[in-house]
Amino acid sequence: MLGIIGAMDEEVSKLKAMLSDIRVTKKAGMEFYEGALSGKNVVIVKSGIGKVNAAICAQILADIFKVEAIINTGVAGSLNDEINIGDIVLSKDALQHDMDTTAFGDPIGVIPRMDVSTFPGDESLIALAEECCHKELPQIRTFVGRVVSGDQFISDKEKKRWLTDTFHGYCTEMEGAAIAHAAYLNGIPFLVIRAISDKADDSADMDYPAFEAMAIENSVKLLSAMIEKGSFK
């Protein structure tokens, strides 16, 4: 079974509408929609915004639904001048930019007493997503790079520059690395898919509401194609 997480209703409502044989399980204030999509068993859930909600959601998918993979779909702000609104970023890896124990000598972003702080996306899921994006969204550019997550909406040029210079991130958002962290601890392959809704700078407050719907539409098309073509059970 494939687990699909979106932070907001807008990111999962169209996917839920495509399900058949639906069963709903409520846990931790979340509703897990289990059913069939393109002949594959999937469970789709809105986690809520932020890293804690996202990590709890991923753990429930591991514990209760025993998912074979987790895909996190949604929108993000671009950290790379070449990545424009509407483009898609696939997670080569993901890290938490607001993890900070530098007072104890750790580099910024390092999780103390863990062997890994940057969590790699699953190569087979990346390849599948690239193939499906080129086929279903030929007008959209696809990038494979680092997703940086924190409990902050980034709308400041200086913070954007810091994230880019410090972490070499491709995009920034608020859930992906927490889901990646939980997936890693549970040995579950994962992929973060982010459609770019804004440039994560001083224009973000205006761009995000204007382009959110378009970005989500691109994510839904990509994910639908991946489910149809993928070898999920």
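Residues numbered from 1 in each chain as written. Predicted model: local features only at pLDDT ≥ 70, side-chain atom pairs only at ≥ 80, totals over all residues. Heavy atoms only, no water.

## Looking at the side chain of serine 149
Stage number 1. Following the sequence through the fold, serine 149 ends up in strand S8 (residues 142-149).
Stage number 2. Separated by 2.4 Å, the side chains of serine 149 and glutamate 173 make a polar contact.
Stage number 3. Reaching out from serine 149, the side chain makes a polar contact with the backbone nitrogen of alanine 177 at a distance of 2.8 Å.
Stage number 4. Beyond its immediate chain neighbours, meaning those up to four positions away, serine 149 contacts Leu95, Gln96, His97, Asp98, Glu173, Met174, Glu175, Gly176 and Ala177. (Helix = DSSP H or I, 4+ residues; strand = E, 2+ residues; numbered from the N terminus. Polar contact = N/O pair within 3.5 Å; in protein donor to acceptor, adjacent residues only side chain to side chain. Contact = heavy atoms within 4.5 Å.)

## What to know about helix H4 (residues 157-167)
Stage number 1. By the burial criterion, the buried members of H4 are Lys160, Leu163 and Phe167. In a view along the axis of H4, the buried residues occupy a sector of 75°, so they form one face of it. The exposed residues of H4 that point more than 90 degrees off its buried face are Glu158 and Asp165.
Stage number 2. Buried residues along H4 sit in contact with strand S5 (69-78), strand S6 (88-96), S8 and strand S9 (171-173).
Stage number 3. One side-chain oxygen of the residue at the start of H4 lies 3.0 Å from the amide nitrogen of glutamate 158, identifying that residue as aspartate 156. (Buried < 20%, exposed > 50% of the residue type's maximum accessible area, 1.4 Å probe, protein only. Arc of directions from axis to C-beta.)

## Quick word on the packing of helix H2 (residues 51-63) against helix H5 (residues 176-185)
Stage number 1. Remark: H2 packs on H5, axes separated minimally by 8 Å, with the N-to-C direction vectors making an angle of 30°. Between H2 and H5, the angle falls in the class roughly parallel. Crossing hand, H2 versus H5: right-handed. Of H5, the residues touching H2 (which contributes Lys51, Ala54, Ala55 and Ala58) are Ala178, Ile179 and Ala182.
Stage number 2. Of the residues belonging to the contact of H2 with H5, the class tally is six nonpolar, no polar and one charged. (Axes fitted to C-alpha atoms, helices over the stretch in contact; angles between N-to-C directions. Parallel < 35°, antiparallel > 145°, perpendicular 65-115°, else oblique. Left-handed = near helix turned anticlockwise from the far one by under 90°. Nonpolar A, V, L, I, M, F, W, Y, C, P; charged D, E, K, R; others polar.)

## Structural notes on the packing of aromatic side chains
Stage number 1. Counting across every chain of the model gives three aromatic pairs.
Stage number 2. Judged by centre distance (5.5 Å) and plane angle (90°), the rings of tryptophan 162 and phenylalanine 167 are edge-to-face.
Stage number 3. We note lysine 16 situated over the ring of tyrosine 33; from NZ or CZ to the ring centre the distance is 4.3 Å. (Phe/Tyr/Trp six-rings, centres within 6.5 Å; stacked < 30°, edge-to-face > 60°. Lys NZ or Arg CZ within 6 Å of the ring centre and 35° of its normal.)

## Considering the nonpolar core
Stage number 1. With 36 residues, the main nonpolar core has Ile88, Ile193, Leu222 and Met226 as its most contacted residues.
Stage number 2. In terms of nonpolar packing, the next biggest core, distinct from the first, is built from 35 residues, Val116, Cys171, Ala180 and Ala183 among them. (Core = buried A, V, L, I, M, F, W, Y, C linked by side-chain atoms within 4.5 Å.)

## Some words on the pairing of strand S3 (residues 30-37)
Two faces make up the sheet, and in a regular strand the side chains alternate between them.
Stage number 1. Counting buried positions along S3 yields seven of eight residues, so the element is predominantly enclosed.
Stage number 2. Two strands pair when backbone bridges link them, and strand S2 (residues 20-27) and S3 are joined in this way by six bridges, in the antiparallel orientation. Across the sheet, residue lysine 27 finds its bridge partner in S3, namely methionine 30.
Stage number 3. Counting the residues between successive antiparallel strands, the hairpin from S2 to S3 contains two residues, one of them, alanine 28, with a positive phi of roughly 55°.
Stage number 4. Sheet topology note: the S3/strand S4 (residues 40-46) ladder contains six bridges and is antiparallel. The residue bridging leucine 37 from the neighbouring strand is lysine 40, located in S4. (Pairing = 2+ DSSP bridges.)

## Things to note about the pairing of S8
Stage number 1. Extensive coverage of S8 is indicated by the burial of six of its eight residues.
Stage number 2. Alignment of S6 against S8, held across eight bridges, turns out to be parallel. In the sheet register, isoleucine 88 faces S8, and the bridge partner there is threonine 142.
Stage number 3. Relative to S9, S8 runs parallel, the two being bridged by three bridges. The residue of S9 that forms the bridge with valine 147 is cysteine 171.
Stage number 4. Between the parallel pair S8 and S9, the chain is carried across by H4, and the sense of this crossover is right-handed. (Right-handed = clockwise from strand over helix to strand, strands pointing away.)

## Some thoughts on the environment of lysine 16
Stage number 1. Mapped onto the fold, lysine 16 is located in helix H1 (residues 9-17).
Stage number 2. Excluding residues that lie within four positions of it along the chain, lysine 16 makes contacts with Ile22, Tyr33 and Ile44.

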